[in-house]
Amino acid sequence: MQLLANAQIATMTEKSGGYALIQDGALVIQDDRIAWVGARADLPQHYAGAALQDLGGRLVTPGLVDCHTHIVFGGDRAREFEMRLEGASYEEIARAGGGILSSVNATRAADDAELLARALPRVDHLIAEGATTLEIKSGYGLTVADEMKMLRVARQIGEKRAIHIKTTWLAAHALPAEYKDDRAGYIRDVVIAGMDAAHAEGLIDAVDGFCEGIAFSRDEMAAIFDHAHALGLPVKLHAEQLSDLHGAAMAAGRGAISADHLEWLGQDGIDAMAAAGTVAVLLPGAFYTLRETRLPPVQALRDAGVPLALATDSNPGTSPLTSLLLTMNMGATLFRMTPAECLAGVTAHAARALGLSDRGTLAAGQRADLAIWNVDHPAELTYRIGFNPLHARIFGGDLV
């Protein structure tokens, strides 16, 4: 049993969006769970004999949760980034072998070991900033074998590193060249058949899709979600990033745990998400990289009581970002979220966006996944740019 004392503790249990901060707090860890948290003066006598760690007034928060990433992929798209800045159009980049299909080709060509070796340094950067839970999507294989390969690598990351991995089936990400004239065949042969195979192997924790004019329609995604539900899998959706196809409303109507991006989200989607308890996952890294100008409707989501999460969207093309701290700063500077909203966005609400109720807040019974910071106030985590004040990370009760 461990006793952490002389700390500021941001429990993130306040539903109104504050830190629920305890000054001069204490926290007791027993095995992999939090046994007690509160003001040090109120510590029950039977915990007084626990091994004491004096934190010297440091800040304790829940371990950070990155609830939307594509962090397993082959190759990179740095040259494409350069070409775009030199004035090349999307069509010109595609003709030169760029775009999502370049990531597909590189991912297909890489074996498990190469994908793992490439992904681990990206994951290590997130861990070094206090991450304890990470979602990883497939979506760059676009064959059954290659999508499953990506998810097996994602599971291996959780074995190689002290971080909890949640996997998401995203075969409905793009249409590969070999199916360009057979959308129904791709959905049948790869999205649905692959979902069945990956689920049977225990590789899927949720199902996602890209609902957009350049990807899959609302009706196509609805059918895919119905199949996911038949397998008992939760669903989420890339929605309203480039246009309003009303995908978020459809997803919320099917009980989606999250809808992500949302720059073009309309009131119907907001109302449906509020009614369903669907989390809005905002992705400022993609907004920044693509130099978008249309902001997600943050105030309308607030007004409706929709929880706001933040994530890196770490991917090779539109958000080559591996920093949740920078994501928080972007959430504040680009989307005008408050620092408290940003911290809730990568803790309590991010956990909710993954359907996880046992983390993201500091309370008795929760997983002992903690981040300890060398800061004087929680707002510093959002305020600083390019500075990592992490002092220590506790994962499942263990200092790692």
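The numbers attached to residues start from 1 for each chain and follow its sequence in the written order. Residue-level local features of this predicted model are given only where pLDDT is at least 70; pairs of side-chain atoms are given and counted only at 80 or more, and the full residue set underlies all totals for whole chains, interfaces and linings. Excluding hydrogens and water, the side-chain values take into account all heavy atoms of the structure.

Trainee: I keep staring at the domain arrangement of the protein and nothing clicks. Help me out?
Mentor: One frequently used descriptor of interface size is the decrease in accessible area upon assembly of the parts. Start and end points for every domain follow an automatic or database-based domain assignment. Looking at the assigned domains, one finds that the protein contains domain 1 (2-62 + 359-399) and domain 2 (64-353). Here a residue-residue contact requires only that any non-hydrogen atoms of the pair lie within 4.5 Å. Contacts between domain 1 and domain 2 engage 26 residues on the former and 25 residues on the latter. The term buried area denotes the loss of accessible surface (1.4 Å probe radius) that occurs when two parts are joined, taken as the sum for both partners. Buried area between domain 1 and domain 2, summed over both chains or domains, comes out near 2000 Å², and the portion from carbon and sulfur atoms is 65%. It is Arg 359, Thr 382 and Arg 393 in domain 1 that bury the most area against domain 2; as a group they hold 32% of the surface buried on that side. Salt bridges are counted wherever a side-chain nitrogen of Lys or Arg sits within 4 Å of a carboxyl oxygen of Asp or Glu. Inspection of the domain 1/domain 2 interface yields zero salt bridges. Identification of polar contacts relies on pairs of N or O atoms within 3.5 Å, with a donor-acceptor requirement for protein atoms, meaning one able to donate a hydrogen and the other able to accept it, and with residues adjacent in sequence counted only if both atoms are side-chain atoms. For the pair domain 1 and domain 2, the interface holds nine residue pairs in polar contact (both at pLDDT 80 or more). Breaking the side of domain 1 that touches domain 2 down by element, the ones donating at least two residues are strand E5 (59-62), strand E14 (370-373), helix H15 (380-383) and strand E15 (390-395). The biggest single contributor to the side of domain 1 that touches domain 2 is E15, with four residues. Class assignment for the residues of the side of domain 1 that touches domain 2 results in 15 nonpolar, seven polar and four charged. Helix numbering and strand numbering both begin at the N terminus, where a helix is a DSSP run of H or I of at least 4 residues and a strand a DSSP run of E of at least 2. By the convention adopted, Pro, Cys, Tyr, Trp, Phe, Met, Ile, Leu, Val and Ala count as nonpolar, Lys, Arg, Asp and Glu as charged, and the other residues, Gly among them, as polar.

Trainee: Got a minute to help me understand unusual backbone geometry in this structure?
Mentor: The phi torsion of most residues other than glycine is negative, and most of the peptide bonds are trans. Phi is positive for Asn 6, which is not a glycine, with a value near 60 degrees. Examined against the element boundaries, Asn 6 turns out to sit in strand E1 (residues 2-10). Here Leu 142, not a glycine, exhibits a phi torsion of approximately 60 degrees, which is positive. Tracing the backbone through its elements, the reader meets Leu 142 in the loop between strand E7 (131-137) and helix H5 (144-160).

Trainee: In this structure, what is going on with the pattern of salt bridges? I would like to understand it.
Mentor: Here the idea is simple: oppositely charged side chains can pair when their charged atoms come close. This structure, assessed with the given rule, holds 24 salt bridges. Overlapping salt bridges bring together Asp 32, Arg 33, Asp 358 and Arg 359 as one network.

Trainee: Looking at this model, I keep getting lost on the nonpolar core. Mind explaining?
Mentor: Generally speaking, nonpolar side chains in soluble globular proteins are found buried as a group. Core analysis: the biggest nonpolar cluster contains 93 residues, and Ile 157 and Trp 169 have the highest contact counts within it. Definition used in this section: a nonpolar core is a set of buried Ala, Val, Leu, Ile, Met, Phe, Trp, Tyr and Cys residues joined via side-chain atoms within 4.5 Å. Remark: exposure states derive from per-residue accessible area (1.4 Å probe, protein chains only) relative to the maximum for the residue type, with buried under 20%, exposed over 50%, and partly exposed in between. Among the nonpolar cores identified, the runner-up in size contains 16 residues, and Leu 4, Leu 362, Ala 368 and Ile 372 belong to it.

Trainee: Honestly, the packing of aromatic side chains in this entry has me stumped. Any pointers?
Mentor: Describing an aromatic ring pair means giving the distance of the ring centres and the angle of the ring planes. For this analysis, a ring pair means two rings from Phe, Tyr or Trp (six-membered ring only for Trp) whose centres lie within 6.5 Å, classed as stacked if their planes differ by under 30 degrees, edge-to-face if by over 60, and tilted for the remaining angles. Inspection of the entire model under this criterion finds four aromatic pairs. For the ring pair Phe 73 and Tyr 140, a centre distance of 6.4 Å and an interplane angle of 80 degrees mean the geometry is edge-to-face. With Phe 73 in the loop between strand E6 (64-66) and helix H1 (78-85) and Tyr 140 in the loop between E7 and H5, this residue pair connects regions lying 67 residues apart in the sequence. Relative accessible area serves as the criterion here: at 5%, Phe 73 is assigned to the buried category. Residue Tyr 140 is classed as buried on the basis of its relative accessible area of 3%. Ring geometry for Phe 287 against Phe 335: centres 5.2 Å apart, planes inclined by 80 degrees, an arrangement best described as edge-to-face. Taken together, the positions of Phe 287 in helix H10 (residues 284-289) and Phe 335 in helix H12 (residues 324-335) put the pair 48 residues apart, joining distant regions of the chain. When sorted by exposure, Phe 287 lands in the same class as Phe 335, which is buried. Members of the aromatic cluster, each reached through a chain of ring pairs, are Tyr 179, Tyr 186 and Phe 216. Sitting over the ring of Phe 73, Arg 122 keeps its end group 3.8 Å from the ring centre. One residue, Arg 384, lies across the ring of Phe 387, its end atom 4.6 Å from the ring centre. Here, over-ring charges are defined by two tests on the NZ atom of lysine or the CZ atom of arginine: distance to the ring centre within 6 Å, and angle to the ring normal within 35 degrees.

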